[in-house]
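Architecture at a glance
Spelled out from the first residue to the last, the chains are:
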Protein chains: 2
Amino acid sequence: MHTELPSLDPDDWAAFRTLCHDLVDEALKAVEGVREMPVWQPMPDAVRSALREPAPRSAQGAERVGAEFLKRILPYANGNLHPRFFGWVHGAGTPVGALAEFLAASMNANVGGRDHGAVHVERQVIEWCKEIFGFPAEASGLLVSGTSMATLIGLTVARNVLAEGDVRDLGLLAEPRQLVCYASQQVHGSVAKALELLGIGRRGLRLVPVDAEHRLIVEELHNAIRLDRAEERRPFAVVGTAGTVNIGASDPLAELASLCRAESLWLHVDGAFGALSLLAPGRRGSLKGIEQADSLAFDFHKWLHVPYDAGCILVRRGGQHRASFAREQDYLAAADRGLAGGAPWFCDFGPELSRGFRALKVWFTIKTHGLDQLGQAIAANCDLAVRLAGLVGKEPCLELLAPVPLNIVCFRYRGEGLPEAVLDRINSDIVADLQEQGIAAPSTTRIGGRLAIRACICNHRTRARDLEILLEAVRTLGRQREAELSAVGQA
Amino acid sequence: MHTELPSLDPDDWAAFRTLCHDLVDEALKAVEGVREMPVWQPMPDAVRSALREPAPRSAQGAERVGAEFLKRILPYANGNLHPRFFGWVHGAGTPVGALAEFLAASMNANVGGRDHGAVHVERQVIEWCKEIFGFPAEASGLLVSGTSMATLIGLTVARNVLAEGDVRDLGLLAEPRQLVCYASQQVHGSVAKALELLGIGRRGLRLVPVDAEHRLIVEELHNAIRLDRAEERRPFAVVGTAGTVNIGASDPLAELASLCRAESLWLHVDGAFGALSLLAPGRRGSLKGIEQADSLAFDFHKWLHVPYDAGCILVRRGGQHRASFAREQDYLAAADRGLAGGAPWFCDFGPELSRGFRALKVWFTIKTHGLDQLGQAIAANCDLAVRLAGLVGKEPCLELLAPVPLNIVCFRYRGEGLPEAVLDRINSDIVADLQEQGIAAPSTTRIGGRLAIRACICNHRTRARDLEILLEAVRTLGRQREAELSAVGQA
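I will try to describe carefully the structure that is included in this document. (Residues numbered from 1 in each chain as written. Chains lettered and ligands numbered in written order. Predicted model: local features only at pLDDT ≥ 70, side-chain atom pairs only at ≥ 80, totals over all residues.)

1. Quick notes on helix H9 (residues 218-230) of chain B
The end-to-end C-alpha distance of H9 of chain B, which contains 13 residues, comes to 18 Å, matching closely the 18 Å that a straight helix rising 1.5 Å per residue would cover. Phi turns positive one or two residues past the end of H9 of chain B, at Glu-232 of chain B, with a value near 70°. (Helix = DSSP H or I, 4+ residues; strand = E, 2+ residues; numbered from the N terminus. Expected span 1.5 Å × (residues − 1).)

Below is the structure:
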């Protein structure tokens, strides 16, 4: 009776189940064997070409598409599952997270609102986060794609609460003064991006100097606020960082919280990866004050290894959060019973109306592993960073370029008497060589103007031996590059 | 050697594979059998309580967590997989989409940038979208969580291109005039939300009257633009809708495109679910002009049934798109080779730096089913809507409240000589009853002030018989409610 119309369900469910089992097995095999594979390999031109096709009109069938995935996509991964991926700040993923994604997608919930199971799972996850960070009962939260979006939401609430007039209605026309947000010189680029979106502009971001440990200097902040007030600008927010991207430093959050209270400013904490380091034994102290933030942004897809993407915003006073995003529309009217019950709806706490069931992979991850084990994995990464820094210090041809407060080691190869520009070039080549040879994948940054090899240890699979392999290769490649240069010089 | 440190990989891979197979089978069984289940059932209080627990410190293990998922979460779905879910605009999902989510999560790619397979898949998907909608080669695109985010991005580019001064740097301080964006009275709430975020404010949204078919009246738009210019406001954008949420109407996009060209305004099209209706045979004509949009926002998770969440923004001139979001940061410096190659990076086209591998489920869906079959499923939904409207028209106790240009039928139960307020109450009760009894899940809206039962047919599993079941139940419940009221009246 139903056959006359097209359905997108499998014709043969048993065959489809078998296909799922096979592909699940292949994908898990790739995770299980990741250590034996190159960290990264570029997608060859032939594969790129083969992947290209006009928009497919005809059905190719799941089996054929699955086979193409295994051949042309799976081998060319980002690299971040590998224990010697040290680039940027990428989580390593977990098999149980992938399983949760299948289950969430099979349910296909829209968690923008209404009354159904997925909503309760997200609420539970948010309650856990409030508990972890010591936020009050009236705090609200929302799962988002990551800290960029979380920071955008936090600063939206800050702007709407503190700018002149009803910003939601009138926009910034009602605000004659330049709004100013303060952050350290080491702040992440997502803050400037958020200010640009919000109509405040980069000009509204005041970068405050940091000390030798890359921590914001509170007195400099205080001076900057005074100056801006004197010059008729309107300070409204301070962004404190828990874990800078360059070296993993954290600002003195408790002092920032006191200053913000005294100055009636909003304290937003960008804790993208650093915030959850408080799960590691003995590390809670360095984030003291985080529990006083007005809003806190952080990621699950970094140091909790939840598959991409998954982040969170917490807002201290839930009423302010909701007042910045809630709207009424006829076709979205909430009801007091039935499927349209379940108020408040999550779409009233952020810009998105349709929302996937991200909460399930977070729920699975936290429950399966438990916060203690997740915290131990974080602690192990930090211990490895200290160890790596120690190894660097023992090598005459290597040089540590920054302190190691968390899990990031910035160092470089140094030849004898080579000018800075040449050293920059050598170290940048070393990093690209390491990646292209599939040995390891650190990234680069600049510390005090010098190009650094940046090793961020953010992977539950990384072991001490991986650090030795990294340094061995850096030494070898560095010497090669240096020899090449001196050969050119002599020629 | 590695055992001294915690890893989040399974201790026993074979056992974990078996667990995955079992849970995949259970989840697929729920999809396969969805027709025999209630459309929706509330989560009982006992289950809600059982779900609640303090943040788990100890590992519970994947097996136990999986069992809890099957017992406490899977049964309490959103309902949108069911063929008689008619609420809001929800896609129905597909098993192959869920499989793709497992595979994407197992790879755990961060598609914010760099050079790896997932990036090439997303580029391919965007090329397909440009081809589908007739966008030029220089157009750019980005996969996002949905149309709310896509519209935010489209209007950000519009604002940055057309407002006075360098908005990214100076914010809106450089713009002394009220920026004005035009849209029909039937526009989706995400447009106002975007304007609020962008610092333009709701005041900057001018709602233009619609005709009897709920289509924006272009002459009224023209008048509004003239008036705003005369009064020193600055028109900058028009939002055309392809598929209004209330009844599925589409604005005259070709006329809007001409007007926007003549007036130097940005044309953004909100095509959340309606845009992809051009895949249905014979429906391309009603969206004529969509290929001329400056930006186009639409969802894959609605009428392509890709699991939540997945939407897309296309921008006609890719350079303008990138100029609105690209930034440079030391630790994110792109390289000409190695893993940090692959420019331009997707993070330079939107607010997010970390981005999941959404593209894979879209790629799997389009290839597995092919655009022809996906278009036929859309056409079948529209045919069913016409059929439902016909059935409503034949029932004396039912009344059609709006035209049916696409896939949405707004109607109501009408008793004899009942006041409007009572009819509203009866119809709202009918909808909640339908949901609570698990028979069907339409939603409600208001059409011309009257509460309507709104049936949006957006499910590849829906068949003619489902419409009959819906109307049968509406009649029965309506009579019951009417009888209860008259009993109360006589008592």
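2. Let's talk about the nonpolar core
Counting 333 residues, the largest nonpolar core has Leu-103 and Ala-359 of chain A together with Leu-103, Cys-181 and Ala-359 of chain B as the members making the most contacts within it. Other than its neighbours up to four places away in sequence, Leu-103 of chain B contacts Leu-23, Ala-27 and Phe-69 of chain A together with Leu-360 of chain B. (Core = buried A, V, L, I, M, F, W, Y, C linked by C-beta atoms within 7 Å. Buried ≥ 20, exposed ≤ 12 C-beta atoms within 10 Å, placed from the backbone. Contact = placed C-beta atoms within 7 Å.)

3. Notes on the relation of the copies chain B and chain A
Each copy of the sequence occupies a distinct position, and chain B is placed on chain A by a rotation of 180° and an axial shift of 0.0 Å, giving an RMSD of 0.0 Å. Here the copies are linked by what is in effect a two-fold axis. Here 100% of the contact residues of chain B are again contact residues in chain A; the copies associate through an equivalent surface. (Least-squares fit on C-alpha atoms with pLDDT ≥ 70 in both.)

4. A look at the environment of Val-167 of chain A
Within the element layout of this structure, Val-167 of chain A appears in helix H7 (residues 167-170). For the pair Val-167 of chain A and Ser-324 of chain A, spaced 157 residues apart in sequence, the C-alpha separation works out to 9.3 Å. Setting aside chain neighbours within four positions, we find Val-167 of chain A in contact with Arg-159, Asn-160 and Leu-172 of chain A together with Gly-201 of chain B.

5. What to know about the sheet that holds strand S4 (residues 205-208) of chain A
Residues and elements named next belong to chain A. On the basis of which strands lie adjacent, the open sheet formed by 7 strands has the order S2-S8-S7-S6-S5-S3-S4 and mixed pairing. Looking at the sheet topology across the chains shown, the edges are occupied by strand S2 (140-144) and S4. The average undirected angle you get between the axes of adjacent strands in this sheet is 20°. As defined by bridge partners, strand S6 (residues 266-270) adjoins strand S7 (residues 295-299) across 3 bridges and the pair is classed as parallel. Of the residues in S7, the one forming a bridge with Asp-270 is Ala-297. On top of the sheet, helix H5 (residues 117-133) reaches S2, S7 and strand S8 (311-315); it is set at about 115° to S2, its chief contact. (Pairing = 2+ DSSP bridges. Axes fitted to C-alpha atoms, helices over the stretch in contact; angles between N-to-C directions.)

6. With respect to the sheet that holds strand S7 (residues 295-299) of chain B
All names here are of chain B. The strand order S2-S8-S7-S6-S5-S3-S4 describes an open sheet built from 7 strands, whose pairing is mixed. Strand pairing shows two members of the sheet lacking a second neighbour, strand S2 (140-144) and strand S4 (205-208), which therefore form its edges. Averaged over all pairs of adjacent strands, the angle between strand axes in this sheet comes to 20°, irrespective of strand direction. Where S2 lies against strand S8 (residues 311-315), 5 bridges are found, and the strand directions are antiparallel. Looking across to S8, one finds that Val-144 is bridged to Gly-311. Contacts from H9 reach strand S3 (179-184), S4 and strand S5 (234-241) within the one sheet, and its direction differs from that of S4 by about 145°.

7. Comments concerning the packing of H5 of chain A against helix H12 (residues 359-394) of chain A
All names here are of chain A. Taken N-terminus to C-terminus, the directions of H5 and H12 make an angle of 55°; their axes are 9 Å apart at the nearest point. Between H5 and H12, the interaxial angle falls into the category oblique. Between H5 and H12 the crossing geometry is left-handed. Contact residues: Ala-118, Val-121, Glu-122, Gln-124, Val-125 and Trp-128 in H5; Ala-359, Leu-360, Val-362, Trp-363 and Ile-366 in H12. Grouping the amino acids of the contact of H5 with H12 by side-chain chemistry returns 9 nonpolar, 1 polar and 1 charged. (Parallel < 35°, antiparallel > 145°, perpendicular 65-115°, else oblique. Left-handed = near helix turned anticlockwise from the far one by under 90°. Nonpolar A, V, L, I, M, F, W, Y, C, P; charged D, E, K, R; others polar.)

8. Some words on helix H1 (residues 13-32) of chain A
The end-to-end C-alpha distance of H1 of chain A is 28 Å, a good match for the 28 Å that 20 residues give at a rise of 1.5 Å each. Residues Leu-19, Cys-20, Leu-23, Val-24, Ala-27, Leu-28 and Val-31 of chain A constitute the buried set of H1 of chain A. Buried residues of H1 of chain A, viewed axially, fall in a sector of 160°; they line one side. Exposed side chains of H1 of chain A directed beyond 90 degrees from the buried face belong to Ala-14 and Ala-15 of chain A. Those residues of H1 of chain A hidden inside the fold are in contact with helix H3 (62-72) and helix H4 (95-107) of chain A together with helix H1 (13-32) and helix H4 (95-107) of chain B. (Arc of directions from axis to C-beta.)

9. Quick notes on unusual backbone geometry
Leaving glycine aside, a negative phi is the common case for residues, and trans is the common case for peptide bonds. Look at the link from Tyr-308 of chain A to Asp-309 of chain A: it is a cis peptide, with omega at -10°. By the element assignment, Asp-309 of chain A lies in the loop between S7 and S8. Of note, the amide linkage connecting Ala-343 of chain A to Pro-344 of chain A takes the cis form, showing an omega dihedral of -5°. Along the polypeptide, Pro-344 of chain A turns up in the loop between helix H11 (318-323) and H12. Although it is not a glycine, Arg-114 of chain B sits at a positive phi angle of roughly 75°. Topologically, Arg-114 of chain B is positioned in the loop between H4 and helix H5 (117-133).

10. A look at the packing of H1 of chain A against H4 of chain B
It is at 9 Å that the axes of H1 of chain A and H4 of chain B come closest, and there the two elements cross at 10°. Accordingly, the angle class assigned to the pair H1 of chain A and H4 of chain B is roughly parallel. Seen from H1 of chain A, the contacting residues are Phe-16, Cys-20, Leu-23, Val-24, Ala-27, Leu-28 and Val-31 of chain A; seen from H4 of chain B, they are Pro-95, Leu-99, Phe-102, Leu-103 and Ser-106 of chain B. Of the residues assigned to the contact of H1 of chain A with H4 of chain B, the class counts are 11 nonpolar, 1 polar and no charged.

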